[in-house]
Amino acid sequence: MKEKELSELTDQELLDEAKKMKSTALLNAVLIGVMIGVVIYSAVKNSWGFLTLIPLFIAYKLFNGSKKDKALEQLLKERNLK
């Protein structure tokens, strides 16, 4: 959803999106942890290589993919829903 679309949602729809955001954040945290674990295991077992950097890139993308979440949190604060 774009930020313009977020502003058009009703209060209940925003609260539903916030619930989805929390579960997504938990899933992302678990995936980032697994990816970092894979990198550490790979570095200890084989040393650094191209295949070691792939999980780091995926973890980076998961970590920085939260722009929508920040916009949603800001909109919730503006409407005093949180």
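Residues numbered from 1 in each chain as written. Predicted model: local features only at pLDDT ≥ 70, side-chain atom pairs only at ≥ 80, totals over all residues. Heavy atoms only, no water.

## Brief notes about the nonpolar core
As a rule of thumb, nonpolar side chains are buried together in soluble globular proteins. The biggest cluster of nonpolar side chains holds nine residues, and these are Leu6, Leu9, Leu14, Ala18, Met21, Ala71, Leu72, Leu75 and Leu76. For this core, the secondary structure elements donating two or more residues are helix H2 (11–46) and helix H4 (67–78). In terms of residue count, H4 provides more of this core than any other element does, four residues in total. (Core = buried A, V, L, I, M, F, W, Y, C linked by side-chain atoms within 4.5 Å. Buried < 20%, exposed > 50% of the residue type's maximum accessible area, 1.4 Å probe, protein only. Helix = DSSP H or I, 4+ residues; strand = E, 2+ residues; numbered from the N terminus.)

## Side note on the confidence of the model for the chain
Close reading of the predicted structure is inappropriate where its pLDDT is low. Averaged over all residues, the pLDDT of the chain equals 80, while 90% of them reach at least 70. Looking at the elements of the chain, mean pLDDT is at its lowest for helix H1 (residues 3–7), recorded as 67, and at its highest for H2, recorded as 84. (pLDDT = per-residue confidence, 0-100.)

## As for helix H3 (residues 50–64)
The end-to-end C-alpha distance of H3 is 21 Å, a good match for the 21 Å that 15 residues give at a rise of 1.5 Å each. The secondary structure elements touched by the buried residues of H3 are H2. (Expected span 1.5 Å × (residues − 1). Contact = heavy atoms within 4.5 Å.)

## Some remarks on the pattern of salt bridges
As a working rule, side chains carrying opposite charge can pair if their charged atoms are close by. Per the counting criterion, the structure on display carries two salt bridges. With a shortest N-O distance of 3.7 Å, lysine 20 and glutamate 17 are connected by a salt bridge. On the criterion of helical spacing, the pair formed by lysine 20 and glutamate 17 is a turn pair, its members being three residues apart in helix H2. Judged by its relative accessible area of 10%, glutamate 17 is buried. (Salt bridge = Lys/Arg side-chain N within 4 Å of Asp/Glu carboxyl O.)

## Here we look at H2
Given a rise of 1.5 Å per residue, 36 residues ought to cover 52 Å, and the 51 Å separating the end C-alpha atoms of H2 matches this to within 8%. Buried within H2 we find Leu14, Glu17, Ala18, Met21, Ile32, Met35, Val39 and Ser42. Positioned one or two residues after H2, serine 47 has a phi angle of 90°, which is positive.

## Quick word on the packing of H2 against H3
Relative to each other, H2 and H3 sit at 160°, their axes nearing to 9 Å. The pairing of H2 with H3 is recorded here as roughly antiparallel in orientation. Considering only the axes of H2 and H3, their crossing is left-handed. In contact with Asn28, Leu31, Ile32, Met35, Val38, Val39 and Ser42 of H2, H3 contributes Thr52, Pro55, Leu56, Ile58, Ala59, Leu62 and Phe63. Of the residues in the contact of H2 with H3, the class split is 11 nonpolar, three polar and no charged. (Axes fitted to C-alpha atoms, helices over the stretch in contact; angles between N-to-C directions. Parallel < 35°, antiparallel > 145°, perpendicular 65-115°, else oblique. Left-handed = near helix turned anticlockwise from the far one by under 90°. Nonpolar A, V, L, I, M, F, W, Y, C, P; charged D, E, K, R; others polar.)

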